[in-house]
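As a plain string of letters, each chain reads:
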Amino acid sequence: MSIAERASALAITPPRTRSCRYEPKVLNVMLEAAAEHDLRVYVSLLLGADAGLRRNEILAIRWPDVDFRAKEINVCRNVYHRKDERIETTPKGGVSKRVPCTPRLLAALRNLHEKRTGATVLADEGGQPWTPKVLRRAVARVERVVGLDDSGRIHVFRHSFASNLCAAGAPP
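Residues numbered from 1 in each chain as written. Predicted model: local features only at pLDDT ≥ 70, side-chain atom pairs only at ≥ 80, totals over all residues. Heavy atoms only, no water.

Novice: Give me the lowdown on the confidence of the model for the protein chain, citing residues and values where you can.
Specialist: Chain-level pLDDT for the protein chain is 84 on average; 81% of the residues reach the 70-or-more range. In the model of the protein chain, helix H1 (residues 3-9) stands out as the element of lowest mean pLDDT, 53, in contrast to strand E1 (residues 66-67), which has the highest, 98. (pLDDT = per-residue confidence, 0-100. Helix = DSSP H or I, 4+ residues; strand = E, 2+ residues; numbered from the N terminus.)

Structural data, given as structure tokens:
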């Protein structure tokens, strides 16, 4: 059964307003679609959905920031783009943080590490780091595949992460 057929079977319907999170069943179908499409897209969505990272933190992660032994990511930079310039700064709040990886995020990072093309985790075939525009288009493509309106908003995955933590009983 294709991703579109699975999405249809789960009765995934586009929200009438811009959703601030994805329901778990929708999130899982989106992750499946991303995994089938492109490992980099899958990793980018997992970094939001399983690690709760912001867009500019996701785009800034370099391979040395991923500690496979400790099963965590050192989020020590933020990146933004102005015209054609990539500018790196400290993460929001000005403090680095170590974020644990879920087993599926760690496995996806290991697979991508074997195929790496650049210094950053998310890089094109030529080794150039992804830009916010590339990431937005990748997210929008996955949204279209599962039958949602294509917003391209990676931040929804961060909100889904927080909502899932609350639903599991984590303190706010």
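On we go from here.
Novice: I'd like to hear about the side chain of Glu-57, residue by residue, with values.
Specialist: Mapping Glu-57 onto the fold places it in helix H4 (residues 55-60). You can call Glu-57 buried: its relative accessible area is 1%. Here Lys-97 takes part through its side chain, which lies 3.5 Å from a polar atom of the side chain of Glu-57. Not counting the four nearest positions on each side in its chain, Glu-57 is found in contact with Val-75, Arg-77, Asn-78, Pro-91, Lys-92 and Lys-97. (Buried < 20%, exposed > 50% of the residue type's maximum accessible area, 1.4 Å probe, protein only. Polar contact = N/O pair within 3.5 Å; in protein donor to acceptor, adjacent residues only side chain to side chain. Contact = heavy atoms within 4.5 Å.)

Novice: Tell me about the nonpolar core, and name the residues and values.
Specialist: Within soluble globular proteins, side chains that are nonpolar generally end up buried alongside one another. In terms of nonpolar packing, the biggest core is built from 46 residues, with Leu-45, Leu-109, Val-121 and Phe-157 touching the most fellow members. Where this core is concerned, the elements lending two or more residues are helix H2 (24-37), helix H3 (39-49), H4, strand E2 (72-75), helix H5 (103-114), helix H6 (132-145) and helix H7 (155-167). Other than its neighbours up to four places away in sequence, Phe-157 contacts Tyr-22, Leu-27, Met-30, Leu-45, Gly-48, Ala-49 and Val-139. (Core = buried A, V, L, I, M, F, W, Y, C linked by side-chain atoms within 4.5 Å.)

Novice: Break down the sheet that holds strand E5 (residues 97-100) for me, citing the residues and quoting the values.
Specialist: Taken in spatial order, the three strands of this open sheet run E1-E2-E5, and their pairing is antiparallel. The strands lining the two open edges of the sheet, one partner per strand, are E1 and E5. (Pairing = 2+ DSSP bridges.)

Novice: So what about the environment of Ala-107? Which residues, and what values?
Specialist: Here Ala-107 is to be found in helix H5. Overall, Ala-107 belongs to the partly exposed group, its relative accessible area being 37%. Remark: the alpha-carbon pair of Ala-107 and Phe-68, spanning 39 residues in sequence, is separated by 9.5 Å.

Novice: Any chance you could break down the environment of His-81 for me, citing the residues and the numbers?
Specialist: With respect to the element layout, His-81 can be found in strand E3 (residues 78-82). Residue His-81 is classed as partly exposed on the basis of its relative accessible area, which comes to 28%. In sequence terms His-81 and Thr-131 are 50 residues apart; their C-alpha atoms lie 7.5 Å from each other. When neighbours within four sequence positions are excluded, His-81 is seen to be in contact with Arg-86, Trp-130, Thr-131 and Pro-132.

Novice: Provide a residue-level description of the pattern of salt bridges, including the pertinent values.
Specialist: According to the stated counting rule, one finds 11 salt bridges in the structure shown. The salt bridge partner of Arg-98 is Glu-72, with a shortest N-O separation of 2.4 Å. Placement of Arg-98 in strand E5 and of Glu-72 in strand E2 is noted, with a sequence separation of 26 residues between them. Arg-86 is the salt-bridge partner of Glu-88, the closest N and O atoms lying 3.8 Å from each other. Overall, the relative accessible area of 25% leaves Arg-86 in the partly exposed class. A cluster of three or more residues bridged by salt bridges with shared partners is formed by Arg-62, Asp-65, Arg-77, Arg-86 and Glu-88. (Salt bridge = Lys/Arg side-chain N within 4 Å of Asp/Glu carboxyl O.)

Novice: Tell me what's going on with the pairing of strand E4 (residues 85-89), and back it up with residues and numbers.
Specialist: Regular strands have side chains that alternate between both faces of the sheet. For E3 and E4, the ladder comprises five bridges, and the chain directions are antiparallel. Bridging from a neighbouring strand, Val-79 pairs with Glu-88 of E4. Count of turn residues in the E3/E4 antiparallel hairpin: two residues, of which Lys-83 carries a positive phi of about 55°.

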